[in-house]
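In case you want the letters, here they are:
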Amino acid sequence: MKVVIGADHRGFGLKHRLVEWLESEGHEVNDMGAYQMDPMDDYPEYAVRVSRVVSEDKNARGIVLCGSGVGVCIAANKVEGIRCGQALNKDQIKSARSDDDITVLALAADYISFEMAIEIVREFLDTPFSHEERHQRRVAQIVKLEE
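Quick look at the structure, then.

Definitions and cut-offs
- Residues numbered from 1 in each chain as written.
- Predicted model: local features only at pLDDT ≥ 70, side-chain atom pairs only at ≥ 80, totals over all residues.
- Heavy atoms only, no water.
- Salt bridge = Lys/Arg side-chain N within 4 Å of Asp/Glu carboxyl O.
- Helix = DSSP H or I, 4+ residues; strand = E, 2+ residues; numbered from the N terminus.
- Buried < 20%, exposed > 50% of the residue type's maximum accessible area, 1.4 Å probe, protein only.
- Pairing = 2+ DSSP bridges.
- Axes fitted to C-alpha atoms, helices over the stretch in contact; angles between N-to-C directions.
- Contact = heavy atoms within 4.5 Å.

## A few points about the pattern of salt bridges
Moving on, step 1. Under the definition given, this model contains nine salt bridges.
Moving on, step 2. For D31, the salt bridge goes to K15, with nearest N and O atoms at 2.7 Å. Separated by 16 residues along the polypeptide, D31 in strand β2 (residues 28-31) and K15 in helix α1 (residues 12-24) bring together distant segments of the chain.
Moving on, step 3. For D31, a relative accessible area of 22% corresponds to the partly exposed category.
Moving on, step 4. The exposure class assigned to K15 is buried, which follows from its relative accessible area of 0%.
Moving on, step 5. Residue R137 is joined to E133 by a salt bridge in which the shortest nitrogen-to-oxygen separation is 2.8 Å. Residue R137 and its partner E133 are located together in helix α6 (residues 133-145), separated by four residues, close to a single helical turn.
Moving on, step 6. By relative accessible area, which is 52% here, E133 ends up exposed.

## A look at the sheet that holds strand β5 (residues 104-108)
Moving on, step 1. Reading across from one edge, β2-β1-β3-β5-β4 is the order of the five strands in this open sheet, with parallel pairing throughout. Each edge of the sheet is formed by a strand with only one pairing partner; in this case those strands are β2 and β4 (84-86). Going across the sheet, the axis of each strand differs from the next one's by a mean of 25°, ignoring polarity.
Moving on, step 2. As defined by bridge partners, strand β3 (residues 60-66) adjoins β5 across five bridges and the pair is classed as parallel. Note that in β5 the partner of C66 across the bridge is A108.
Moving on, step 3. Contacting β1 (2-7), β2, β3 and β5, helix α2 (residues 43-56) runs over the sheet at an angle of about 175° to β3.

Function-wise, these values are silent; they only describe arrangement.
This is the structure we're talking about:
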């Protein structure tokens, strides 16, 4: 699967470890930065870069990281067509993928370990949207909000 990933300085270290792991799992990874540690960088830049690519490529999924996961989630959701959700465990992300068809995952680098991140990312990439009528109806209502 194509995975587009980006992080600010607080997510920088975890992002690099995830890129290596994703590539070792056979995923095509598109790293949208940060490319060097810069404590003065700003998370919206990376969240929007990732989200724009994902919004144009329906076969891609995105991962955005910052310290809390909240800022990148807010910024990613400003890009039309993106449904970004934050997860702190694999059960939460399974529900978000299955029920809400999220296309971008926000991770809180300050609050999860690398091992937890792998579990969450694996579930994010492996869980399909359920296509149940009630979930399709709700996602359609969200899409309508963008109009």
